[in-house]
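Here is what each chain is made of, one letter per residue.
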Amino acid sequence: MQKSYKTPLIFACAIIIATVVSCISAGAGLSPQRGTIDEDVQYSGQEDNSLTKAVLVPRRGDILDCKGRTLATMTDVYDIYFDTTLLQDEAEWEKKADVLSTGLAEILGTCSKEEFYSYLSDGRKAGKRYLNIQRYVSSDTLDELKKLPFFDMESRDGGMILEKRQVRVYPYDSLARRTIGFVRNNLEMNNSHVGIEGRFDDILTGSYGYETFKFASNEEHSGSAGVGREVIARRDSVPGRVVRTTLDIDLQMKADSVLRSHIEDIEVIAGACLVLSDVKTGAIRSMVNLVRAGDGSLGEYSNIAIGRSYEAGAMLSPAVDIASSRCGERSFSVDAFYNRKDASFIEALRSIILGGSWDRDAWDLEGLGRFHCASPSDPDWSRSDLESIGKGISIEATALDYLMLYTAIARGGRGVRLYLVQRGSEERYRLCSKRQAATLAESLLESASQNERLYGTVRTVAGITGSSFIVLENGRYASEDGSKSVQSSFSGFFPAGDPEYGVTCMIYTKPATDFGAATGTPSKVVSDFVNCLYE
């Protein structure tokens, strides 16, 4: 009748006791309805022959956007069961069950009236006192169900049995799913600890409490709520703390819509990300990650923006220029660096792209991709490696890293760590001089002005595109049939004269021989996104 759900082991004792105990006190957050239990209480069993201990699970803290809007919260839902043994008059029972079946079919919509009636009748024949009707029912739906026969009776006399629990809900559904994360509740063993839910799990969870109690007699175990129940000891749970992010859900929705509209019909694109930073603070205002599933649909299945390292091609040119100047050269030259300053140049590049020295493992999300660059310490290091690095090849970083680079240029060379969870102070570093940053900004503005895909943008954009081929599973850039995969990206900032936002968009393709319009997509996405922001 209903899907089979496996009950976690930690709830097994709770469910057994709940069939005997009608209710815990209101202090434990349980309603005094017939047979009601609460998933927020985990029973640890009896300490001796008369004492029972219950672990009180705290309410998980909310996750908010930068304007205080709820991105994740807890809400009450109910599992509904039916005691089919009530009412001895069979004709009366069948009459009420018929009306109940009609109402269940209309309100729940999971089965037809006939299927519900057959299910209820079979349960009555089997003497079921705990027949599963529906799980995870909202309060609004419950109010409708309480108008039906059997369910409309006084709680201690009626056939409805409720198990109230708290579950995690996400008001914006899958929007920013890989950034926010996903959990069912504080006790779920199978929670996937990703995103903010995973990184800040300890803060969001809160502190557990407990309650030890006893009953006066076995008879009172099945009595009405609170009868014969004596609390021996109690420590209240402490709710989890609120985590306020830097995301602006309005900008997130716009970014998701724009990116999705551009890549949805280009089937060769396997995935893409679009990240927006606040130039003044380094706060990330939107982070969209879309991956194409096997059926062709797009969803937030992985965090490309932080987890995927890639070669940026020409988009790395500002970093190359800054590293060259740090090594005492006006511009990059293989002859000037090879076997002389190549180690210093590579180290300068690492510092520039990674924003100096900081603990990447401690960033606001887990899974920040690695930085990789060919090095003079490699046994097979050669001039061609250095030449490739100068072109943005043989060096890999994440979209987040590239965005931080361009945000620092927009800030006049004063770098700032990008962050996703609000904090008390900025983490700053020096990228380059104000003069050099201005020179780079002019160069990026010139590059963007020649990019026809940015024509018609309502605010002037400074930035540059870059692309490279992806090494395939065979260790080469091409498969036996000549298919290749390409990644293409755009990084920059806008408005160019007085920057408000930094932006990075990256796409990557499936192996193919024809990429169509895929490689030009990042620039188009940025152009439309800018127009959408200032419409």
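Keep in mind that this is a model prediction, so the values were computed, not measured.

### Details of the overall build of the chain
Within the chain one finds 16 helices and 20 strands. When the 535 residues of the chain are sorted by exposure, 53% land in the buried category. In the chain, the proportion of contacts linking residues at least 24 apart, taken out of those at least 6 apart, comes to 69%. For the chain, the exposed area adds up to about 24000 Å²; of that, 46% sits on carbon and sulfur atoms.

### Examining the pairing of strand S20 (residues 501–509)
Within a regular strand, side chains alternate between the sheet's two faces. The buried fraction of S20 is high, at nine of nine residues. Burial along S20 is two-sided: Tyr501, Val503, Cys505, Ile507 and Thr509 and Gly502, Thr504, Met506 and Tyr508, pointing in opposite directions, are all buried. The pairing of strand S19 (residues 485–494) with S20 spans eight bridges and is classified as antiparallel. Within the sheet, the bridge partner assigned to Ser491 lies in S20 and is Thr504. Linkage of S19 to S20, two consecutive antiparallel strands, is achieved through a turn of six residues.

### Points about the confidence of the model for the chain
Taken over all residues, the pLDDT of the chain has a mean of 86, while the share at 70 or more is 86%. Of the regions scoring below 50 in pLDDT, residues 1–39 engages in 93 contacts with residues more than four places distant in sequence or in other chains. Every residue in residues 218–227 scores below 50 in pLDDT, and together they form 16 contacts with partners more than four places removed in sequence or on other chains.

### Here's the deal with the packing of aromatic side chains
Here the structure, examined in full by the defined rule, presents eleven aromatic pairs. Between Phe332 and Phe337 the ring centres are 5.7 Å apart and the planes differ by 20 degrees, which places this aromatic pair in the stacked class. Under the relative-accessibility criterion, Phe332 is labelled partly exposed at 22%. You can call Phe337 buried: its relative accessible area is 0%. Between Phe494 and Tyr534, the ring centres sit 6.2 Å apart and the planes meet at 80 degrees, which makes this aromatic pair edge-to-face.

### What about the nonpolar core?
Grouped together as the largest cluster of nonpolar side chains are 82 residues, with contacts concentrated most on Ile284, Phe345, Trp363 and Leu431. Take this core: its biggest share by element is ten residues, from helix H14 (residues 399–410). Among the nonpolar cores identified, the runner-up in size contains 33 residues, and Leu298, Val461, Phe490 and Val526 belong to it.

### Remarks on unusual backbone geometry
Across the junction of Phe494 and Pro495, the peptide omega takes the value -15 degrees, indicating a cis bond. Inspection of the secondary structure assignment puts Pro495 in the loop between S19 and S20. Even without glycine at this site, Tyr136 takes up a positive phi of about 55 degrees. Counting through the fold element by element, Tyr136 comes out in strand S6 (residues 131–137). Take Tyr136: its relative accessible area is 28%, and that puts it in the partly exposed class. The backbone phi angle of Phe150 is positive, close to 75 degrees, even though this residue is not glycine. Looking at the element boundaries, Phe150 is found in the loop between helix H4 (139–145) and strand S7 (160–169). Its relative accessible area of 2% is what places Phe150 among the buried residues.

### Comments concerning a nonpolar patch on the surface
Residues Phe469, Val471 and Tyr477 make up a contiguous nonpolar surface patch of about 260 Å² in total accessible area. Counting through the fold element by element, Tyr477 comes out in the loop between strand S18 (462–470) and S19. Of the residues examined, Tyr477 reaches a relative accessible area of 36% and is grouped as partly exposed.

### Thoughts on the environment of Leu420
Tracing the sequence through the fold places Leu420 in the loop between strand S16 (414–416) and strand S17 (428–430). For Leu420, a relative accessible area of 0% corresponds to the buried category. As a C-alpha pair, Leu420 and Met287 span 133 residues in sequence and 9.4 Å in three-dimensional space. Ignoring sequence-local partners within four residues, the contact set of Leu420 consists of Thr179, Ile196, Thr245, Thr246, Leu247, Ile284, Trp363, Asp364 and Leu365.

### A look at the pattern of salt bridges
The full count for this structure, using the stated rule, is 27 salt bridges. Lys67 is the partner of Asp248 in a salt bridge, and the nearest nitrogen-oxygen pair spans 3.4 Å. Residue Asp248 is located in the loop between strand S10 (243–244) and helix H8 (249–263), and its partner Lys67 is located in the loop between strand S4 (63–64) and strand S5 (70–82); the two are separated by 181 residues in the primary sequence. Owing to a relative accessible area of 53%, Lys67 belongs among the exposed residues under this scheme.

### Points about the pairing of S6
Buried residues dominate S6, accounting for six of its seven residues. Note that S5 and S6 share four bridges and pair antiparallel. Paired with Ile80 across the strands is Gln134, a residue of S6.

### Quick look at helix H12 (residues 342–353)
Residue pairs spaced three or four apart in an α-helix point in one direction, given the helix's 3.6 residues per turn. Taking 1.5 Å per residue as the helical rise, H12 with its twelve residues ought to reach 16 Å, and the 16 Å between its terminal C-alpha atoms agrees with that figure. Among the residues of H12, those classed as buried are Asp342, Phe345, Ile346, Ala348, Leu349, Ile352 and Ile353. Mapping the buried residues of H12 onto a view down its axis gives an arc of 160 degrees, with all of them on the same face. On its buried face, H12 is in contact with helix H10 (317–326), helix H11 (334–337), strand S14 (372–373), helix H13 (383–390), strand S15 (395–396) and H14. Immediately beyond the C-terminal end of H12, within one or two residues, lies Gly355, with a positive phi of roughly 70 degrees.

Definitions and cut-offs
- Residues numbered from 1 in each chain as written.
- Predicted model: local features only at pLDDT ≥ 70, side-chain atom pairs only at ≥ 80, totals over all residues.
- Heavy atoms only, no water.
- Helix = DSSP H or I, 4+ residues; strand = E, 2+ residues; numbered from the N terminus.
- Buried < 20%, exposed > 50% of the residue type's maximum accessible area, 1.4 Å probe, protein only.
- Contact = heavy atoms within 4.5 Å.
- Areas by Shrake-Rupley, 256 points an atom, 1.4 Å probe, with all protein chains shown as cover.
- Pairing = 2+ DSSP bridges.
- pLDDT = per-residue confidence, 0-100.
- Phe/Tyr/Trp six-rings, centres within 6.5 Å; stacked < 30°, edge-to-face > 60°.
- Core = buried A, V, L, I, M, F, W, Y, C linked by side-chain atoms within 4.5 Å.
- Patch = residues over 30% accessible without salt bridge, like charges linked within 9 Å, V, L, I, M, F, W, Y side chains within 5 Å.
- Salt bridge = Lys/Arg side-chain N within 4 Å of Asp/Glu carboxyl O.
- Expected span 1.5 Å × (residues − 1).
- Arc of directions from axis to C-beta.

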